[in-house]
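Here is what each chain is made of, one letter per residue.
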Amino acid sequence: MDILKGAPTVQAMFDKMQLKLMHLEGYQPHLAIIRVGEKPDDIAYERGAKSRMEKTGLRCSCYEFPADISMEEFEQSFDFINNDDDIDGILLLRPLPKHLDEAKIVNKIDPEKDMDGISPVNMAKVFMGDKTGYAPCTAQAVIELLDQEGINVSGKRVAVIGRSLVVGRPLAMLLMHKNATVTICHTKTQNAEAICRGCDIVIAAAGCAKMVGTAYLGNDTTVIDVGINVDENGKLCGDVDFEAIKDIAKAATPVPGGVGSVTTSVLAAHTIRAALKKRGLED
Ligand code: NAD
């Protein structure tokens, strides 16, 4: 089985980004990461994103707010960041604490600064195949990895397990724009295993540790694992039981070191694009 690591995609994206940065003549695009509270997952992602920005030559500012911040106070700070001309892109770590009106904030985010494609404008663009928008970073990371590995999805049957607005649904759209025949499976899908067995590519984005085993694989299946979970021993694992499928699948992405490692590169690429767009140097 081929192991589809994220590293070659990360390197190829890094090289492309360095070329793009040259057009900015020394200007360093600036990403703002907004975090409310101290969730370990958010802190880990923030650390990874900041490190990726710095390695790429971008600026990254982290705005941290207490978990009990009032909506009024948070909205004020958010508006300030959203309107700051020195900030090219925003990553809002979600979900926000329940007492905050997340939908209101999502609707406010400037679509040109919306690096994770959460605003209605960018979602619509992903739906329409309008490439002037920003797709959610994880969904786009899967596409980048498939492209880098030379996996052409055109005419292929692809199962996406998971229908969340941040991964499964936008990913299905991006795959469809590349002429894949896509089936979305979710918690109410009957015979998901059989559906997946009939597909050339299975993409797991369900958030269930090691749920995809051999029963989901047909002959020569390529398996892409988006999941980031913790197993019974406290170890990081994906939605795919990698040990079980490794002698059966045609190819598979590992966790860690697969799709997850590409996500922050997409975030950096989006931030560079935002800075280029502002100057009329890119669509
Ligand atoms: P989510 O909980 O919002 O959505 C999960 C989806 O999977 C739901 O639509 C649900 O219907 C479906 N699902 C759950 N169990 C299922 C089952 N047994 N069979 C079929 N469908 C099932 O999660 P999410 O935010 O979309 O994230 C999915 C996974 O991807 C999580 O493990 C998350 O940690 C990971 N993730 C990774 C990255 C990355 O950078 N690689 C980024 C975001 C999320």
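So, a few notes on the structure that sits alongside this text. (Residues numbered from 1 in each chain as written. Predicted model: local features only at pLDDT ≥ 70, side-chain atom pairs only at ≥ 80, totals over all residues. Heavy atoms only, no water.)

## Overview of the overall build of the chain
Broken down by element type, the chain carries ten helices and eleven strands. At 19 Å, the chain has a C-alpha radius of gyration in line with the 19 Å of a compact globule built from 283 residues. Structurally, the chain occupies a C-alpha span of about 55 × 40 × 35 Å along its principal axes. For the chain, with 283 residues in total, the buried portion stands at 48%. Taking the intrachain contacts of the chain between residues at least 6 apart in sequence as the baseline, contacts between residues at least 24 apart amount to 71%. With the model as given, the accessible surface of the chain reaches about 13,500 Å², and the carbon-plus-sulfur share is 51%. Taking the 32 positively charged and 40 negatively charged side chains of the chain as two groups, their mean positions are separated by 4 Å. (Helix = DSSP H or I, 4+ residues; strand = E, 2+ residues; numbered from the N terminus. Rg over C-alpha atoms; globule rule 2.2 N^0.38 Å. Buried < 20%, exposed > 50% of the residue type's maximum accessible area, 1.4 Å probe, protein only. Contact = heavy atoms within 4.5 Å. Areas by Shrake-Rupley, 256 points an atom, 1.4 Å probe, with all protein chains shown as cover. Lys, Arg positive; Asp, Glu negative; His and termini not counted. Charge placed at Lys NZ, Arg CZ, Asp CG, Glu CD.)

## Overview of the sheet that holds strand E8 (residues 222–225)
Spatially, six strands are ordered E1-E11-E8-E7-E5-E6 in an open sheet, and the strand pairing comes out parallel. Each having just a single partner strand, strand E1 (2–3) and strand E6 (181–185) make up the two edges of the open sheet. Here strand E5 (residues 157–161) runs beside E6; their pairing, made up of five bridges, is parallel. What sits directly across from isoleucine 161, in E6, is cysteine 185. (Pairing = 2+ DSSP bridges.)

## Side note on the pattern of salt bridges
Side chains carrying opposite charge are able to pair once their charged atoms draw close together. Per the counting criterion, the structure on display carries 18 salt bridges. Linking lysine 20 and glutamate 282 is a salt bridge whose minimum nitrogen-to-oxygen distance equals 3.1 Å. Of the two residues, lysine 20 sits in helix H1 (residues 7–22) while glutamate 282 sits in the segment after helix H10 (259–278), which places them 262 residues apart along the sequence. Note on lysine 20: relative accessible area 33%, which makes it partly exposed. A relative accessible area of 24% means that glutamate 282 is categorised as partly exposed. Lysine 277 is the salt-bridge partner of glutamate 112, the closest N and O atoms lying 3.0 Å from each other. Taken together, the residues glutamate 112 in the loop between helix H4 (102–108) and helix H5 (120–128) and lysine 277 in helix H10 connect sequence positions 165 residues apart. Through salt bridges with shared partners, a single network forms among Arg35, Glu38, Glu46 and Glu64. (Salt bridge = Lys/Arg side-chain N within 4 Å of Asp/Glu carboxyl O.)

## Things to note about the pairing of E8
The side-chain alternation of E8 yields two buried faces, one formed by Thr222 and Ile224 and the other by Val223 and Asp225. Relative to E8, strand E7 (residues 201–204) runs parallel, the two sharing four bridges. Along E8, the bridge assignment pairs isoleucine 201 with threonine 222. Strand direction decides the pairing type here: E8 and strand E11 (residues 251–252), joined by two bridges, are parallel. Bridge assignment links threonine 222 to a residue of E11, and that residue is alanine 251.

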